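# Report on the structure
One-letter residues, chain by chain:
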Amino acid sequence: MAKFNKKKSGDLPAINTASLPDIVFMLLFFFMVATTMRETTLVVQNRLPYADQVEKLDKKDLVMYIYIGKPTQAFQNQFGKEARIQLNDKFADLSDIRAFIASERATKREELVPFLTVALKVDEEANMGIVGDVKQELRKENALKINYTTRQGEVSSN
Amino acid sequence: MAKRSAPEVNAGSMADIAFLLLIFFLVTTTITTDTGLNRKLPPIDDSEVEPPIIREKNLFTILINGRNQLMVEEELMDLKDLRKAAVDFLDNGGGVDSNGNKCDYCHGKKDPSSSDHPDKAIISLKNERETKYSTYISVQNELVAAYNQLRDTRATELYGVTLKQMEANYSDVNWIGNKETLKEKIERVKIEYPQKLSEVQ
């Protein structure tokens, strides 16, 4: 019977984890490829509205982002709850937009400047007043190509 | 001494290192939304040129008030009815375009009290400062949808494919076919139903 005793004795064999690094690396590469670095830290709320007739913004490097929304919880004591404009990492005023566009244009090659698009990332709760003002500033600076960034979905969920 | 093999590197902590990297990328990245509605703003016009006279029947006025209600052609309207109303207006074809040609591709009612020609039909959008942005986007979306619907119908009639498919083919590098003629076809459909959307400041 010694033959049979041998099987019963001994602990559970350890699970071989040699392929674990491979699996994790696979996940790692997926995330590295599928995502882009977050360039700006949001200081305003940014829940985008839904639309279903959307087009893709292809050339990422030819896009300037303007965020509009009410300040996030951490900044509400300082800046209040009214919708504000965010350029780069900071709160900005309407008068800063023209300088922002000019500085963005200066960083691009001259022949690419006409293709620059302004992406307006506006919170769905914001009023059109501030958006209209921003659009007026963009017209003054002759930045006429704009894109209202939206999420893909039915308008009924707005 | 020469027979001794090199000691094996302990790879047990490899997983930990990889996990660390993985978590770093998970935290610092977002899958960004890069879709949206493309629009073109009108340039600021300082010249004293008299604007062309547009007849009332060629204008489709939409007003969004501060309480997010829609007034379309002096009447209250629900958002879900807007697309059809816009299509009916644009596709009416009751008269002639600026060159005196009749709209022979329109499917509308040819109502003389509505728009003359898709080339002349203008949608005018006005909003108040208190209007919520999401309502404004919904309206914009419905109007773009109306144009897309008309263009798709026209493209299917002419070439048997929708405009969306044609544009997808145009940007597809693996598509086999003549891209020059395809571009002309796309342009033709776009010219027959030009997007004339004016926003009142």
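All values reported here derive from a predicted model rather than from experimental measurement.

### Details of the environment of asparagine 65 of chain B
Residues and elements named next belong to chain B. Along the polypeptide, asparagine 65 turns up in the loop between β3 (59-64) and β4 (70-72). Under the C-beta neighbour-count criterion, asparagine 65 is labelled partly exposed, with 15 such atoms within 10 Å. Residues asparagine 65 and isoleucine 54, eleven residues apart in the sequence, show an inter-C-alpha distance of 24 Å. Ignoring any residue separated from it by four or fewer positions in sequence, one finds asparagine 65 in contact with Met71 and Glu128.

### Some words on the sheet that holds strand β6 (residues 90-92) of chain A
Pairing within the open sheet is mixed, and its seven strands lie in the order β3(A)-β2(B)-β8(A)-β7(A)-β4(A)-β5(A)-β6(A). The sheet is open, and its two borders are formed by β3 (55-56) and β6 of chain A, each paired with just one other strand. Bridging between strand β5 (residues 84-87) of chain A and β6 of chain A involves three bridges; their strand directions are antiparallel. Counterpart to glutamine 86 of chain A in the pairing with β6 of chain A is phenylalanine 91 of chain A. Set on the sheet, helix α5 (residues 128-140) of chain A makes contact with β4 (63-69), β5, β7 (117-122) and β8 (145-149) of chain A; between it and β4 of chain A the angle comes to about 150°.

### A word on the interface of chain B and chain A
At the junction of the two partners, chain B supplies 43 residues and chain A supplies 49 residues. At the level of elements, α1 (14-28), β1 (29-30), β2 (35-40) and α3 (133-159) of chain B are the ones that each hand at least two residues to the side of chain B that touches chain A. Residue contributions to the side of chain B that touches chain A peak at eleven residues, all from α3 of chain B. Looking at the side of chain B that touches chain A residue by residue, the class counts come to 20 nonpolar, 15 polar and eight charged.

### Here we look at the packing of α3 of chain B against helix α4 (residues 163-171) of chain B
All names here are of chain B. Between α3 and α4, the shortest axis-to-axis distance is 8 Å and the interhelical angle comes to 80°. Classified by the interaxial angle, the pair formed by α3 and α4 is roughly perpendicular. Across from Arg151, Asp152 and Ala155 in α3, the residues of α4 making contact are Leu163, Lys164 and Met166. Classifying every residue of the contact of α3 with α4 gives three nonpolar, no polar and three charged.

### Observations concerning the sheet that holds strand β7 (residues 197-199) of chain B
All names here are of chain B. Reading across from one edge, β5-β4-β3-β6-β7 is the order of the five strands in this open sheet, with mixed pairing throughout. Where the open sheet ends on each side, the last strands, each with one partner, are β5 (75-77) and β7. Strand-to-strand, the axes of this sheet are offset by a mean angle of 30°, without reference to chain direction. Direction of pairing for β4 relative to β5: antiparallel, over a ladder of three bridges. Pairing of leucine 70 across the sheet is with methionine 77, part of β5. Here helix α2 (residues 79-90) sits on the sheet in contact with β3, β4, β5 and β6 (122-127), set at roughly 20° to β4. Sitting on the sheet, α3 is in contact with β3, β4, β6 and β7, with an inclination near 160° to β3.

### Thoughts on the nonpolar core
With 48 residues, the main nonpolar core has Ile66, Ile68, Val118 and Leu120 of chain A together with Ala86 of chain B as its most contacted residues. Excluding residues within four positions of it along the chain, isoleucine 68 of chain A makes contact with Val44, Ala83, Ile85, Leu120, Val122, Asp123, Ala126, Ile130, Val131 and Val134 of chain A.

### Re the pairing of β3 of chain B
Residues and elements named next belong to chain B. Here β3 shows a clear split, with Phe60, Ile62 and Ile64 buried on one side and none of Leu59, Thr61 and Leu63 buried on the other. In this sheet, β4 lies alongside β3 in antiparallel orientation, the contact comprising three bridges. Of the residues in β4, the one forming a bridge with leucine 63 is methionine 71. Connecting β3 to the antiparallel partner β4 that follows it, the hairpin turn spans five residues, and asparagine 68 within it adopts a positive phi of roughly 65°.

### Overview of unusual backbone geometry
Unusually for a residue other than glycine, asparagine 142 of chain A sits at a positive phi of about 65°. Inspection of the secondary structure puts asparagine 142 of chain A in the loop between α5 and β8. Unusually for a residue other than glycine, asparagine 68 of chain B sits at a positive phi of about 65°. Locating asparagine 68 of chain B in the fold gives a position in the loop between β3 and β4. The class for asparagine 68 of chain B is partly exposed, based on 18 C-beta atoms found within 10 Å.

### Thoughts on the pairing of β2 of chain B
Of the pairings in the sheet, the one linking β3 of chain A to β2 of chain B comprises two bridges and is antiparallel in character. Bridged to glutamate 55 of chain A within β2 of chain B is glycine 36 of chain B. Judged from the five bridges that link them, β8 of chain A and β2 of chain B form a sheet pairing that is antiparallel. When the bridges of β2 of chain B are listed, tyrosine 148 of chain A appears paired with leucine 37 of chain B.

What counts and what doesn't
- Residues numbered from 1 in each chain as written.
- Chains lettered and ligands numbered in written order.
- Predicted model: local features only at pLDDT ≥ 70, side-chain atom pairs only at ≥ 80, totals over all residues.
- Helix = DSSP H or I, 4+ residues; strand = E, 2+ residues; numbered from the N terminus.
- Buried ≥ 20, exposed ≤ 12 C-beta atoms within 10 Å, placed from the backbone.
- Contact = placed C-beta atoms within 7 Å.
- Pairing = 2+ DSSP bridges.
- Axes fitted to C-alpha atoms, helices over the stretch in contact; angles between N-to-C directions.
- Nonpolar A, V, L, I, M, F, W, Y, C, P; charged D, E, K, R; others polar.
- Parallel < 35°, antiparallel > 145°, perpendicular 65-115°, else oblique.
- Core = buried A, V, L, I, M, F, W, Y, C linked by C-beta atoms within 7 Å.

Everything listed is a geometric property; what it means functionally is a separate question.
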